[in-house]
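# Topology and contacts: notes
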Amino acid sequence: MVRSPVTGEYYAAKEIELPSEANPMSLLRAAGRPENYASGSSNQVPFQPGGITEFATNAIENPAAVTDEGELCTVPDGFDRGLFEVAEAQVPEIADSFDLAAKYYGATEAVVGSEQGDLPVSDSVVDDDADEPRGEIDQMVVISQDQAQSARALQPEESVKKEWAHVIDVNAGFSNFHRLVPKLAREFPFELDVFQKRAVFHIERGDSVFVAAHTSAGKTVVAEYAVALSQMHMTKTIYTSPIKALSNQKFNDFTRAFGEDNVGILTGDVKIRPEAPCLIMTTEVLKNMLYRGADVLRDVEFVVFDECHYINDLERGVVWEEVIIMLPRHVSIILLSATVPNTKEFAEWVGRTKKRDIYVINTSRRPVPLEHYLYVGRNQ
């Protein structure tokens, strides 16, 4: 719409052509105002969440779900077949209706009765209390256990449930790490541990990882490498934490490691260098950016969730769920936590939600042992 510079009223409309595959939630949409680059705006809609694209394009990929102009669809979105086909749903004759029942209700014997109107159907599909043949669901209820096992044995391999989470055995070592990753994006003054090498290898491949290492094992090294790799790729990394105190600490640590111009922070009361390639923020701030469609998300390659076990919190856990669901498909997720007991189950939900493989990396021991001291008074 074209607004009059004098009266402020709309007096004309100007058409803007967009690519045919663009939609209001696509990354191809027009950018917002520069001042809303990091915070977004209520006038912008979120980007398309990763993992949902398949359902949106299913109607185009499935020819049976789309019919000619003016006709109804017989196959719903997300289904591979419908209950009836349009041509076979028409029943002009009684005999045709029993042929149709024999096909769709599993009747093994359907014949037309005498002139008196008796129309017997096979006993295998006749209900004791009703005159109508049983439906497909009713026959599934009365199927025997042997038949059910044989039916499961005949299922194709495609119907087997896909596993999205893959647990990495760190006890097997990683002797060929330097051959697979000859040049690191960031050099460290020490030799990386096996779990750190595994995480770095999968990050280099663009995979999502869940580092469930013990406290003081060195999970932050994985986050630092993601920041360095994104700088090499000229993209961005978002580092989230559950509390502002931890965000401030990581802001100081990353500033010393990568320089002041390369690290910014966004919390409820602090906003420093929002255009920096590495942004540190609380998870609630990232949630608001996702819902307000902040343009900074176009350039994000990695999102690090530190202390991701907060998803189990009764009051704030929903924030982590919403952020993981709303992240665009191109973003790789890096989860860090030391207190998640069901690591594979949690990673399976994340991978199934985003339709991406995720690699679970655990540690077998705590590298820095805990020592307990007891202080008592001299007179006791």
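To be clear, the structure that these remarks concern was listed above.
Presented here is an overview of the structure given in this document. (Residues numbered from 1 in each chain as written. Predicted model: local features only at pLDDT ≥ 70, side-chain atom pairs only at ≥ 80, totals over all residues. Heavy atoms only, no water.)

## Details of the packing of helix α10 (residues 283-291) against helix α11 (residues 317-326)
Where α10 contacts α11, the two axes come as close as 9 Å, and the packing angle between them is 40°. Taken as axis vectors, α10 and α11 run oblique relative to one another. Crossing angle aside, the handedness with which α10 passes α11 is left-handed. Contacts between α10 and α11 pair T283, E284, L286, K287, L290 and Y291 from the former with V319, W320, E322, V323 and M326 from the latter. (Axes fitted to C-alpha atoms, helices over the stretch in contact; angles between N-to-C directions. Helix = DSSP H or I, 4+ residues; strand = E, 2+ residues; numbered from the N terminus. Parallel < 35°, antiparallel > 145°, perpendicular 65-115°, else oblique. Left-handed = near helix turned anticlockwise from the far one by under 90°. Contact = heavy atoms within 4.5 Å.)

## A word on the nonpolar core
Core analysis: the largest hydrophobic core is formed by 39 residues, its most contacted members being I203, V211, Y225, F254 and I334. In terms of residues, this core owes the most to one element, helix α8 (residues 220-232), which gives 8 residues. Here I334 is in contact with I203, V209, V222, A226, F302, V303, V304 and F305, once residues within four sequence places are set aside. (Core = buried A, V, L, I, M, F, W, Y, C linked by side-chain atoms within 4.5 Å. Buried < 20%, exposed > 50% of the residue type's maximum accessible area, 1.4 Å probe, protein only.)

## Comments concerning the sheet that holds strand β11 (residues 358-362)
Strand pairing in a sheet is mediated by backbone hydrogen bonds. Such pairs are either parallel or antiparallel. Overall, mixed pairing links the 9 strands, which are arranged β3-β11-β4-β10-β9-β5-β8-β6-β7 in an open sheet. With one partner strand each, in any of the chains shown, β3 (165-168) and β7 (271-272) form the two edges of the open sheet. (Pairing = 2+ DSSP bridges.)

## Quick notes on α8
Here α8 spans 19 Å end to end across 13 residues, near enough to the 18 Å set by a 1.5 Å rise per residue. For α8, the tally of buried residues reaches 10 of 13 residues, placing the bulk of the element in the interior. Where α8 is concerned, the buried positions are V221, V222, A223, E224, Y225, A226, V227, A228, L229 and S230. Two residues or fewer after α8 comes M234, characterised by a positive phi angle close to 60°. (Expected span 1.5 Å × (residues − 1).)

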